[in-house]
Amino acid sequence: MRIEKLDESTKKNLLEDLLKRSPNSYGKYEQSVKEILDDVREKKDRALFDYTEKFDGVRLDGSSIQVTEEEIREAYGEVGEELLGIIRRALENIRSYHAKQMQYSWFDSRPDGTILGQKVTALQRVGVYVPGGKAAYPSSVLMNIMPAKVAGVDEIIMVTPPGRDGKVTPTTLVAAKEAGADRIYKVGGAQAIGALAYGTESIPKVDKIVGPGNIYVALAKKAVYGHVSIDSIAGPSEILVLADETANPRYVAADLLSQAEHDELASAILVTTSMELAEKVSAQTEVFIKELSRGEIIRKSLDNYGHILVADTLADAIDAVNEIASEHMEIMTANPFEVMTKIRNAGAIFIGEYSSEPLGDYFAGPNHVLPTNGTAKFFSPLSVDDFIKKSSIISYSRDALEKIHTDIEKFAEAEHLTAHANSIKVRFDGKE
């Protein structure tokens, strides 16, 4: 990995480099995505079947697009008891963590007859997109479905691309069943997002779409926002490790590569105050790359978006970390909890040398759907909050309104909104 001195120039260049990975930088695909979405909106199921045949190599129809209970039973038969047990233990951790995020309706009543409050309501129907293709991601299934389930969403619709045999990966199906998906459909890509956003004969329209996908999925979610809500526009995976001279270089190198193996656009960054550590980590990554199965992908990722930045002081390092606002951030310093208090921008923060990033991906409980591309400056991880909405409650008695009605009328008149003023005034006509 390249080692650079941290200064304003290297930081600026790095940030510009990382932004090139954003889905917003891939405008050349937007027209193709628009054509697919328009086609699904107009032709509905027919478009879904045609695109599934074109992109996934399998012809489906109205009787085979939805996963059956028999297919789910077959999937359980193919997933061993050991993995099933792991899925269930992970699911319990995820459920327990998200249960603590629950919000409830509240009401505040006063003696004068005023009642103010907030009504919390779960969304009625949510769509969950799960990537398919060469890899299976049961962890993504759990992370996207469970907070919706905890929130009390009435119906959870999952979509995922089929294999060429017309089936969904068994681990994906088992994870979906365990987490509580109500219906599962064999469709992926931009066409699946269109189906969830607009509805077809087979797939109902949803209120919100969540879940990661490729560039076509990301751009499709961006395009349908407004017809439905979405969680975010996910970019390539990122990890940043903040370390000092006390860090173990093998641990740091291993953790950096855990994200670099996702794809060639993944970003792995070490910010450290120790040149000695920087050199040891760089050397260790070379050792690991030769041993790991996805070494070629890792190599390209590190060549494109791998950085080791050496800072003069820990304060400078922390400033850089907050500016980068990484999706995953690990702290391996002498006083990691003290450093944590100074971190303003990160999707998830992993504290100490035994809190490796994959712990969050699979098992600890916090959600692994996190803001990318610097959006941790203003976005949060997926949570129960994403699956609820809030309504304000206002109730005034006549006595309560009478005390303030002239204030409201004068406020409205100051804005030249006489109908607003009149709406209050008519209730007290002839009173004065």
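So, here's what we can say about the structure. (Residues numbered from 1 in each chain as written. Predicted model: local features only at pLDDT ≥ 70, side-chain atom pairs only at ≥ 80, totals over all residues. Heavy atoms only, no water.)

Let's talk about the nonpolar core
Reasoning step 1: Ranked by size, the top nonpolar core spans 39 residues in total, and within it Val128, Leu142, Ile145, Met158, Ile184 and Phe387 carry the most contacts.
Reasoning step 2: Contributions of two or more residues to this core are made by α4 (69-78), α5 (81-99), β4 (125-129), α6 (138-151), β5 (155-160) and α7 (170-179).
Reasoning step 3: Among all residues touching Phe387, those that are not within four sequence positions of it are Ala122, Leu123, Val126, Asn144, Pro147, Ala148, Ala151, Val153, Val210 and Leu382.
Reasoning step 4: Judged by nonpolar contacts, the second largest core, of 32 residues, contains Ile36, Ala195, Ala220 and Ile230. (Core = buried A, V, L, I, M, F, W, Y, C linked by side-chain atoms within 4.5 Å. Buried < 20%, exposed > 50% of the residue type's maximum accessible area, 1.4 Å probe, protein only. Helix = DSSP H or I, 4+ residues; strand = E, 2+ residues; numbered from the N terminus. Contact = heavy atoms within 4.5 Å.)

Section: the sheet that holds strand β6 (residues 183-186)
Reasoning step 1: Strands sit in the order β6-β5-β4-β7-β8 across an open sheet of 5 strands; the sheet is parallel. Edge positions in the sheet fall to β6 and β8 (229-230), since each has one partner strand and no second.
Reasoning step 2: Pairing analysis gives 2 bridges linking strand β7 (residues 208-210) to β8, with the strands arranged parallel. Counterpart to Lys208 in the pairing with β8 is Ser229. (Pairing = 2+ DSSP bridges.)

Digging into the environment of Val206
Reasoning step 1: Relative to the assigned elements, Val206 resides in the loop between α8 (189-198) and β7.
Reasoning step 2: On the accessibility criterion, Val206 (1% relative accessible area) is buried.
Reasoning step 3: Sequence separation between Val206 and Tyr129 is 77 residues, and the spatial gap between their C-alpha atoms is 12 Å.
Reasoning step 4: Setting aside residues no more than four positions away along its own chain, Val206 makes contact with Arg125, Val126, Gly127, Ile157, Leu196 and Val228.

Overview of the sheet that holds strand β14 (residues 388-395)
Reasoning step 1: Here 3 strands make up an open sheet; going across it, the order is β2-β3-β14 and the pairing antiparallel. Pairing within the sheet leaves two strands with one partner each, and these edge strands are β2 (106-109) and β14. With direction set aside, neighbouring strand axes in the sheet form an average angle of 15 degrees.
Reasoning step 2: Of the pairings in the sheet, the one linking β2 to strand β3 (residues 115-122) comprises 4 bridges and is antiparallel in character. Each bridged residue has a counterpart across the sheet, and for Trp106 the counterpart in β3 is Gln118. (Axes fitted to C-alpha atoms, helices over the stretch in contact; angles between N-to-C directions.)

Description of the packing of α4 against α7
Reasoning step 1: The geometry of α4 relative to α7 is characterised by a closest axis approach of 8 Å and an angle of 110 degrees between their N-to-C directions. Put simply, α4 runs roughly perpendicular to α7. In terms of crossing hand, the pair formed by α4 and α7 is left-handed. The residues of α7 that touch α4, namely those facing Glu69, Glu71, Ile72, Ala75, Tyr76 and Glu78, are Pro170, Leu173, Val174, Lys177 and Glu178.
Reasoning step 2: Of the residues contributing to the contact of α4 with α7, the split by class is 6 nonpolar, no polar and 5 charged. (Parallel < 35°, antiparallel > 145°, perpendicular 65-115°, else oblique. Left-handed = near helix turned anticlockwise from the far one by under 90°. Nonpolar A, V, L, I, M, F, W, Y, C, P; charged D, E, K, R; others polar.)

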